[in-house]
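Structural features, examined
Now for the letters of each chain:
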Amino acid sequence: MLSVLRLHVRVFGPRTLAVAALVGALLGTSGTATAAMTASGPGSQRPAVEHVSGTRADATSDEGADRAAGVDLVVSPREPVIAAGDDEVQFGLLIRNSTTAELPAGTVTLVLDADRLTDLGDLDEPMPASANRFAEAPVEATAPGSEQTATVTVSRSDLPIGTAAEAGAYRVGATLQFAEDSDQGFAAFGAEPGEDDSAVSPTVSTATPVIWRGAGTDTVPMSVIVPFVLPSDIRTLPTRGQLEELAPVWDRLLTAARAHDATLAIDPRLIAGIRAYGDEAPRNAQLLLSRLETTPLPSFLLQFADADPSVQAALGFTTLLEPTNLDFVSRFGSFSETPDATGPGAEENGTAGGDEGADAPDTDGEAGSAELPLPTLSELLDWPQQETAHVWPAEGRADPALLPLLDQEGVDSLVLSSDGADLDGGPRARLGSDSVTVTDAALDRAARTALHAETETERSGGVARLAAELIVDAQGGSDGVVLALDRGATGDASDPAALLEQLEAFAWTTPTAIADQRTGTVELRPSGPSQDRLELLRSASNREGSVNELGAVLTHPEYLSGYQRTRLLQLFSTPYAADADGFAQVAADFRKRDAELLSGVQAISTEHIQLVGSSSRVPVQLRNALPFDAVVTVDVDPASAALSVPERRFREVVVPAETSERVLVPVRSRVSSGESGLVVSVSAADGSPTVFTGTLPITIRSSIETIIFWALGGLAVMLLVFGIVRSVRRRRNRNAPATGPDGGGDDIVPAM
């Protein structure tokens, strides 16, 4: 008899999802049980993540699979390992409806395959008929564009795994079978009205691994590469506030990495970001840098901003991109002495700035230490802890064109994924003169989901898949594996150390340094970046020179070139390689920001100017779109002989970053009315180059001044005449004799 299930329901807000095809007629299992779930939808668009907990739909035909594409069913154990002494087991359920029609209510049935998994590829195969059903849960209807989740608690005694069963990974399947809704009809799910009543109800199936008592005595040597990277919303370098917030996360990650004897892959922006503010850096960030510099763990630097070297090779670059300078950030720092990045006190010299509204160096400010020179780029980026130079291409895939570029750059170590290389033997190999470390792509994907999936059910499914992959490797006698945490997921995760702490509980893994792994042979698979991504990056690279030319008008021209190169390197970042749609939007935002920068310093006209007198001072508004202070020379010439400009050049006009400044230009009109204008040129302080030339239209109405003058003069004369006449009349009235009505003055009756 099936157990009565306890359900814990979570409710989310509404979401908007893409229109998709609906679920088709599919064959599924039936059962009995009790449960309740609540329709829901998260308030923000979920990121694209792999459903590592199982197949999306168990379709019996291609047509059925297409119709099922709009419905996701995810099941996962709350804890990946089931111990013999556990009293109960919890499973998370998630139903996501990304179609435009409501999914009817139905029943979720849980079954267990008694055969131990020896290949995780079997997880996506249909469950066998012999699978043991152990629980069911009724579910409510799921509204369009929403999802519902629940936790199903099953008594350990109802789980069909005997105490004598072999330790290892097993498969739990979940099938969602919809009940026909007579009010709504069922045509949306493939059963047209009037069809044979024997047509089966549609189902959606999925599966997840669970671990029974670990892997026995088997273990697998496991190495871990832990990236220390910035979140994706930091476009250049972090602000001091961001550093203070991120330092505790990185500190926990470093502590967890030590337990796994991990190799650290560090974005140079983190190091330079902390050093760039010198004594102004947050104290916790300085301490973090000190820990990184003194840790016994092996480490290597990624390319700046984790830029993808494969894309640079595919674009025909003869050298890898590097930052030109970071002075646009260091200007905010305070340095008690010249930084020495090679010394133990280097961590006392840092923190960073930012970009595009999110990061600090978008606006000018006074440097914290005007007396001392700013640290050089080499001082900010120096990392003697790196024994050999490494590159880690996006998704671990290396285009053959990359190898000659690496040889030229003196890079002799490469990190690849098993998706991009054929590996035989241990995870270390030689590729020509280069040393190659090959990571396990299946482990990497499972870890990415465990780090970055939106819902707890999906994250738990990632952990379960990761545990099962390692158990299958251990029981299969693997030579060793390397797990590389996804750089984008690690940077955006709120607590990436939690996954490493979960891995510590996996007794079937042996923490192993990469240098101690066995060697094998490797061969590159044909791969390369998408053409769309290449074209967007080529276009952005071509605009860099045009933006840098505008630096001539700045007080510090080097700020703009350093800022623009840092932005460009971040656009080359590896996490964008796997998300074509997301990268297209990021590239569009980058192009929009470039357009703002390319406007530089220019004269703007907010309204049509009218010259109503023979001479006046005309305001010329200058707008600085650059994130740094500009010093310019403004030349103003009349557009026609109707105007004359006595003073035509205005030198050293300071226009603060991203603000406006007004210049008053004396102008005289030579005609009473007409149309003309002022030709305004804006150039660098020394007069070259000219960054803007434009005409401000002016309407001449100098006759209005004459009319107003005569009108005012006439009014003044009239007032004067009126005053004189009134005064004369008053004087006459006072001097006239007083007489009565009959002309006799004595007959006047005195007032009483």
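Residues numbered from 1 in each chain as written. Predicted model: local features only at pLDDT ≥ 70, side-chain atom pairs only at ≥ 80, totals over all residues. Heavy atoms only, no water.

Some words on the overall build of the protein
How we decide: Secondary structure elements are defined from DSSP: runs of H or I of at least 4 residues count as helices, runs of E of at least 2 residues count as strands, and each element is numbered from the N terminus. Relative accessibility under 20% of the residue-type maximum defines a buried residue, over 50% an exposed one, and the middle range a partly exposed one, all with a 1.4 Å probe and only protein chains included. In this analysis, two residues are considered to be in contact whenever any of their non-hydrogen atoms come within 4.5 Å of each other. Each accessible area is a Shrake-Rupley estimate made with a 1.4 Å probe; only the visible protein chains count as cover when residues are assessed.
Across its full length, the protein holds 16 helices and 29 strands. Scored against the burial criterion, the 752 residues of the protein give a buried share of 50%. In the protein, 81% of the contacts between residues at least 6 apart in sequence involve partners at least 24 apart. Of the roughly 33,000 Å² of accessible surface on the protein, 50% is carried by carbon and sulfur atoms.

A look at the pattern of salt bridges
The condition is simple: Salt bridges are defined as contacts in which a side-chain nitrogen from Lys or Arg sits within 4 Å of a carboxyl oxygen from Asp or Glu.
Per the counting criterion, the structure on display carries 27 salt bridges. For R269, the salt bridge goes to D267, with nearest N and O atoms at 3.0 Å. This pair shows no difference in class: R269 is buried, exactly as D267 is. Linking D637 and R648 is a salt bridge whose minimum nitrogen-to-oxygen distance equals 3.3 Å. Pair noted here: D637 is in strand 24 (residues 630–638) and R648 is in the loop between strand 25 (643–644) and strand 26 (649–655), with a separation of 11 residues, a long-range link. Through salt bridges with shared partners, a single ionic network connects D72, R96, E147 and E458.

Some details on helix 12 (residues 497–504)
Rule in force here: The arc in question is the one spanned by the directions pointing from the helix axis to the C-beta atoms.
Among the residues making up helix 12, those that are buried are A497, L499, L500 and L503. End-on view of helix 12: buried residues confined to an arc of 160°, all on one side of the axis. Elements that come into contact with the buried residues of helix 12 comprise strand 10 (220–228), helix 2 (240–259), helix 9 (441–452), helix 10 (456–475), strand 18 (481–484) and strand 19 (509–511).

With respect to a nonpolar patch on the surface
The following threshold applies: To count toward a patch, a residue needs a relative accessible area over 30% and no salt bridge; like charges are then connected within 9 Å, while nonpolar side chains (Val, Leu, Ile, Met, Phe, Trp, Tyr) are connected within 5 Å.
A cluster of nonpolar side chains, V717, V721 and V725, forms an exposed patch at the surface whose accessible area comes to about 240 Å². Tracing the chain through its elements places V721 in helix 16 (residues 703–735). V721 sits in the partly exposed class, given a relative accessible area of 46%.

As for the side chain of R487
Examined against the element boundaries, R487 turns out to sit in helix 11 (residues 487–492). Each residue touching R487, except ones within four places of it in the same chain, is listed here: P227, V229, L302, D306, W392, P393, A394, E395 and T574.

Some details on the sheet that holds strand 22 (residues 609–611)
For clarity, the threshold we go by: Only when DSSP finds a minimum of two bridges between them are two strands counted as paired. The convention used is that axes are lines fitted to C-alpha atoms, helices contributing only their stretch in contact, and that angles between N-to-C directions extend from 0 to 180 degrees.
Ordered in space as 22-29-28-24-26, the 5 strands form an open sheet in which the pairing is mixed. Either end of the sheet is taken by a strand with one partner, and the two such strands are strand 22 and strand 26. Adjacent strand axes in the sheet meet at a mean angle of 35°, parallel and antiparallel pairs treated alike. Judged from the 5 bridges that link them, strand 24 and strand 26 form a sheet pairing that is antiparallel. Bridge pairing in strand 26 links V631 to V654.

Here we look at unusual backbone geometry
The general pattern is negative phi for most residues beyond glycine and trans for most peptide bonds. Of note, the amide linkage connecting S688 to P689 takes the cis form, showing an omega dihedral of 0°. Note that P689 resides in the loop between strand 28 (673–684) and strand 29 (690–701). A positive phi angle, near 65°, is found at A305, a position not held by glycine. Secondary-structure assignment places A305 in the loop between strand 12 (299–301) and helix 5 (309–314). Classification of A305 as buried rests on a relative accessible area of 1%. Residue E395 is not a glycine yet carries a positive backbone phi of 55°. Residue placement: E395 occurs in the loop between strand 13 (390–391) and helix 8 (402–409).

Digging into a negative patch on the surface
Keep this limit in mind: In summary, the charge assignment counts Lys and Arg as positive and Asp and Glu as negative, without counting His or the chain termini. The location of each charge is read from NZ of Lys, CZ of Arg, CG of Asp or CD of Glu.
A contiguous patch of negative charge on the surface is contributed by D119, D122, D124 and E125. Mapping E125 onto the fold places it in the loop between strand 5 (106–113) and strand 6 (132–139). Here E125 falls in the partly exposed class, since its relative accessible area comes to 47%.

Thoughts on the sheet that holds strand 8 (residues 168–178)
Taken together, the 5 strands give an open sheet; going across it, the order is 3-9-8-5-6, and neighbouring strands pair in mixed fashion. The sheet is open, and its two edges are formed by strand 3 (81–82) and strand 6, each paired on a single side. In this fold helix 10 packs onto strand 8 and strand 9 (203–212), with an angle of close to 55° to the strand it touches most, strand 9.

Quick word on the packing of aromatic side chains
We count it as follows: Two rings from Phe, Tyr or Trp (for Trp, the six-membered ring) form a pair when their centres sit within 6.5 Å of each other. Planes less than 30 degrees apart are called stacked, planes more than 60 degrees apart edge-to-face, and all others tilted. Two limits define a charge over a ring: the Lys NZ or Arg CZ must be within 6 Å of the ring centre, and within 35 degrees of the ring normal.
In this structure the tally under the stated criterion is 8 aromatic pairs. Aromatic pair Y563 and F628: ring centres 5.7 Å apart, planes at 85°, arrangement edge-to-face. Of this pair, Y563 sits in helix 14 (residues 557–571) while F628 sits in the loop between strand 23 (615–624) and strand 24; the two residues are 65 residues apart in sequence, bridging distant segments of the chain. Relative to F583, the ring of Y576 has its centre 5.6 Å away and its plane inclined at 45°; by these criteria the two rings are tilted. Through pairs of rings, three or more aromatic residues link up here, namely F328, Y559, Y563 and F628. Across from the ring centre of F590, 4.0 Å away, lies the NZ or CZ of R567, which sits over that ring.

Here we look at the nonpolar core
To keep things clear, this is the line we draw: In plain words, nonpolar cores are sets of buried Ala, Val, Leu, Ile, Met, Phe, Trp, Tyr and Cys residues tied together by side-chain atoms within 4.5 Å.
Of all hydrophobic cores here, the largest spans 66 residues; its most connected members are L622 and V632. V632 has contacts with V553, V601, L622, F650, R651, E652, V653, V655, V682, S683, A684 and A685, leaving out every residue within four places of it along the chain.

Some details on the packing of helix 2 against helix 4 (residues 283–294)
When two helices pack together, you describe them by how their axes are tilted relative to each other and by the distance separating the axes. How we decide: Oblique is the label for any angle not under 35 degrees, not over 145, and not in the 65 to 115 range, which are roughly parallel, roughly antiparallel and roughly perpendicular in turn. Put simply, a crossing is left-handed when the front helix is turned counterclockwise from the back one by less than a right angle, and right-handed when it is turned clockwise. Classification used: nonpolar for Ala, Val, Leu, Ile, Met, Phe, Trp, Tyr, Cys and Pro, charged for Asp, Glu, Lys and Arg, polar for all others including Gly.
The interhelical angle for the contact between helix 2 and helix 4, taken along N-to-C directions, is 25°, at an axis separation of 8 Å. Accordingly, the angle class assigned to the pair helix 2 and helix 4 is roughly parallel. Where helix 2 crosses over helix 4, the handedness of that crossing is left-handed. Residues L243, E244, A247, P248, W250, D251, L254, T255 and R258 of helix 2 pack against N284, A285, L288, R291 and L292 of helix 4. Each residue belonging to the contact of helix 2 with helix 4 can be placed in one class, and the counts come to 8 nonpolar, 2 polar and 4 charged.

Observations concerning the packing of helix 13 (residues 531–549) against helix 14
Look at helix 13 against helix 14: their axes get within 10 Å of each other, and the N-to-C directions meet at 175°. By the angle between their directions, the pair helix 13 and helix 14 is classed as roughly antiparallel. Touching L537, A540, S541, E544, V547 and N548 of helix 13 are L560, S561, Q564, R565, L568 and L571, all from helix 14. A per-class count over the contact of helix 13 with helix 14 returns 6 nonpolar, 4 polar and 2 charged.

Examining helix 4
To keep it simple, the criterion reads: The span you would expect from a helix comes to 1.5 Å times its residue count less one.
Over its 12 residues, helix 4 extends 17 Å from the first C-alpha to the last, a length consistent with the 16 Å expected when each residue adds 1.5 Å. All buried positions along helix 4 are accounted for by A285, Q286, L288, L289, L292 and E293. Down the axis of helix 4, the smallest arc covering the buried residues is 160°, so these residues share one side. Buried-residue contacts for helix 4 involve strand 10, helix 2, strand 11 (263–266) and helix 3 (268–275).

Some words on a positive patch on the surface
A contiguous patch of positive charge on the surface is contributed by R726, R730, R731 and R734. Structurally, R731 can be placed in helix 16.

A word on the environment of A167
Considering the arrangement of structural elements, one finds A167 in the loop between strand 7 (146–155) and strand 8. Measuring from C-alpha to C-alpha, the distance between A167 and W212 comes to 5.3 Å, with 45 residues separating the pair along the chain. If near-sequence neighbours (up to four positions away) are discounted, A167 is found in contact with R116, W212, R213, G214, A215, G216 and Q475.

Quick look at the environment of T255
Just so we agree on the cut-off: In the analysis that follows, any N or O atom pair within 3.5 Å is treated as a polar contact, provided that within protein one partner can donate a hydrogen and the other can accept it, and provided that, for residues neighboring in sequence, both atoms belong to side chains.
Note that T255 resides in helix 2. Assessed through its relative accessible area of 44%, T255 is described here as partly exposed. Taking the C-alpha atoms as reference points, T255 and T295, separated by 40 residues in sequence, lie 9.9 Å from one another. Within the local environment of T255, its side chain forms a polar contact with the side chain of R291, the two groups lying 3.2 Å apart.

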